[in-house]
Amino acid sequence: MPRGRYSLHDPHDHTPLADEHFHCAPGPSGWRYVSQLTTPSGTAPGGLPEPGEPTVTGSVDLALDDLGRPIRLELHAGGWQVKGAALDGVTWVRTDPTGTGATEGNVPAHAFTGASPAFLVATARLLRLTASAPAAATRVRLVAFTDPVLAPRTLDQSWALIASETHATDNGPLTVDEYQVTALDTGERHSVHIAGDVVLAAPGIELEHLESPPSVFT
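Residues numbered from 1 in each chain as written. Predicted model: local features only at pLDDT ≥ 70, side-chain atom pairs only at ≥ 80, totals over all residues. Heavy atoms only, no water.

- Per an unreviewed UniProt entry, the protein carries the name Glycolipid-binding domain-containing protein and comes from Streptomyces populi.

Regarding the overall build of the protein
Now for step 1: A count of helical and extended segments in the protein gives 1 helix and 15 strands.
Now for step 2: For the protein, the C-alpha radius of gyration of 17 Å lies close to 17 Å, the compact-globule estimate for 218 residues.
Now for step 3: Projected onto the principal axes, the alpha-carbon positions of the protein cover approximately 50 × 45 × 40 Å.
Now for step 4: Counting the 218 residues in the protein, one finds 40% classified as buried.
Now for step 5: At a minimum sequence separation of 6, the contacts of the protein that also span at least 24 residues come to 41%.
Now for step 6: With an accessible surface of roughly 11,200 Å², the protein has 53% of that area assigned to carbon and sulfur atoms.
Now for step 7: Counting 13 positive and 25 negative side-chain charges, the protein places the centres of these two groups 8 Å from one another. (Helix = DSSP H or I, 4+ residues; strand = E, 2+ residues; numbered from the N terminus. Rg over C-alpha atoms; globule rule 2.2 N^0.38 Å. Buried < 20%, exposed > 50% of the residue type's maximum accessible area, 1.4 Å probe, protein only. Contact = heavy atoms within 4.5 Å. Areas by Shrake-Rupley, 256 points an atom, 1.4 Å probe, with all protein chains shown as cover. Lys, Arg positive; Asp, Glu negative; His and termini not counted. Charge placed at Lys NZ, Arg CZ, Asp CG, Glu CD.)

Points about the nonpolar core
Now for step 1: Of all hydrophobic cores here, the largest spans 48 residues; its most connected members are F145, W159 and Y179.
Now for step 2: In terms of residue count, the dominant contributor to this core is helix 1 (residues 117–127) (8 residues).
Now for step 3: Among all residues touching W159, those that are not within four sequence positions of it are L120, T123, A124, L127, L129, A136, A137, T138, V140, Y179, Q180 and V181. (Core = buried A, V, L, I, M, F, W, Y, C linked by side-chain atoms within 4.5 Å.)

A closer look at helix 1
Now for step 1: A large share of helix 1 lies buried, amounting to 11 of its 11 residues.
Now for step 2: Within helix 1, burial applies to P117, A118, F119, L120, V121, A122, T123, A124, R125, L126 and L127.
Now for step 3: Downstream of helix 1 by one or two residues, R128 has phi in the positive range, about 50 degrees.

Description of the environment of A131
Now for step 1: Turning to its location among the elements, A131 is positioned in the loop between helix 1 and strand 10 (137–146).
Now for step 2: A131 sits 33 residues away from S164 along the chain, and the two C-alpha atoms are 6.7 Å apart.
Now for step 3: In this view, A131 contacts L161 and S164; residues no more than four positions away in its chain are not counted.

Some details on the packing of aromatic side chains
Now for step 1: This model, assessed by the stated rule, comprises 7 aromatic pairs.
Now for step 2: Between Y6 and F22, the ring centres sit 4.6 Å apart and the planes meet at 20 degrees, which makes this aromatic pair stacked. With Y6 in strand 1 (residues 3–9) and F22 in strand 2 (residues 16–27), this residue pair connects regions lying 16 residues apart in the sequence.
Now for step 3: For Y6, a relative accessible area of 1% corresponds to the buried category.
Now for step 4: Judged by centre distance (5.6 Å) and plane angle (80 degrees), the ring pair of W92 and F145 falls under edge-to-face. Of this pair, W92 sits in strand 7 (residues 90–95) while F145 sits in strand 10; the two residues are 53 residues apart in sequence, bridging distant segments of the chain.
Now for step 5: Judged by relative accessible area, W92 falls into the buried class, the value being 7%. (Phe/Tyr/Trp six-rings, centres within 6.5 Å; stacked < 30°, edge-to-face > 60°.)

Quick look at the pattern of salt bridges
Now for step 1: This structure, assessed with the given rule, holds 6 salt bridges.
Now for step 2: Between D19 and R5 there is a salt bridge, and its shortest N-O distance comes to 3.9 Å. Of this pair, D19 sits in strand 2 while R5 sits in strand 1, and the two are 14 residues apart along the sequence.
Now for step 3: The exposure class assigned to D19 is buried, which follows from its relative accessible area of 5%.
Now for step 4: When its relative accessible area of 24% is taken as the criterion, R5 is described as partly exposed.
Now for step 5: Two residues, D65 and R69, come together in a salt bridge whose shortest N-O distance is 2.7 Å.
Now for step 6: We classify R69 as partly exposed; its relative accessible area is 41%.
Now for step 7: Connected via shared salt-bridge partners are R32, D61 and R72. (Salt bridge = Lys/Arg side-chain N within 4 Å of Asp/Glu carboxyl O.)

Below, the structure written as structure tokens:
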């Protein structure tokens, strides 16, 4: 069961946004990722120096079935909450910090996405691209929940597996897949490196600590 910490930052100006402490594991029916987000190391909300422990700012709980579809999603951020699943496309309920109102949404999309590295692993798992056709790009429609209020936004991306390399490690062979992800509304491209169920590198994401090797999907 991989367990570790990502640091999240603005991909443009590298402003620290949060630390994401996670653990994840495949199971008989799919894969689950659970994390807690805190203020970046050494800072408090608002960017002020933090004399004590980091402050919890949110959480992610994502479960996929064995086909990579989101069977349960629960997000918390800034008092807002989202619960969702793959149902007639994707369906979710978003609740405001007061808890007095909730809005339901539904979009004919394939899955969810957001700032958490969990969503990159989930999309790669859903698409299951193979190295036999590395240049072939696959289009996917996603619903993104953006901080700080978990506002939903539908977007289209294309994913292509452009390289897959196996490296020798003390724990055995480690296969790293490099994906090229293109935002179809802007044409902006970036690379995502994933090993099993751990993101090694992506814009705005750095793997700071990992206690055990990534899980290998069969």
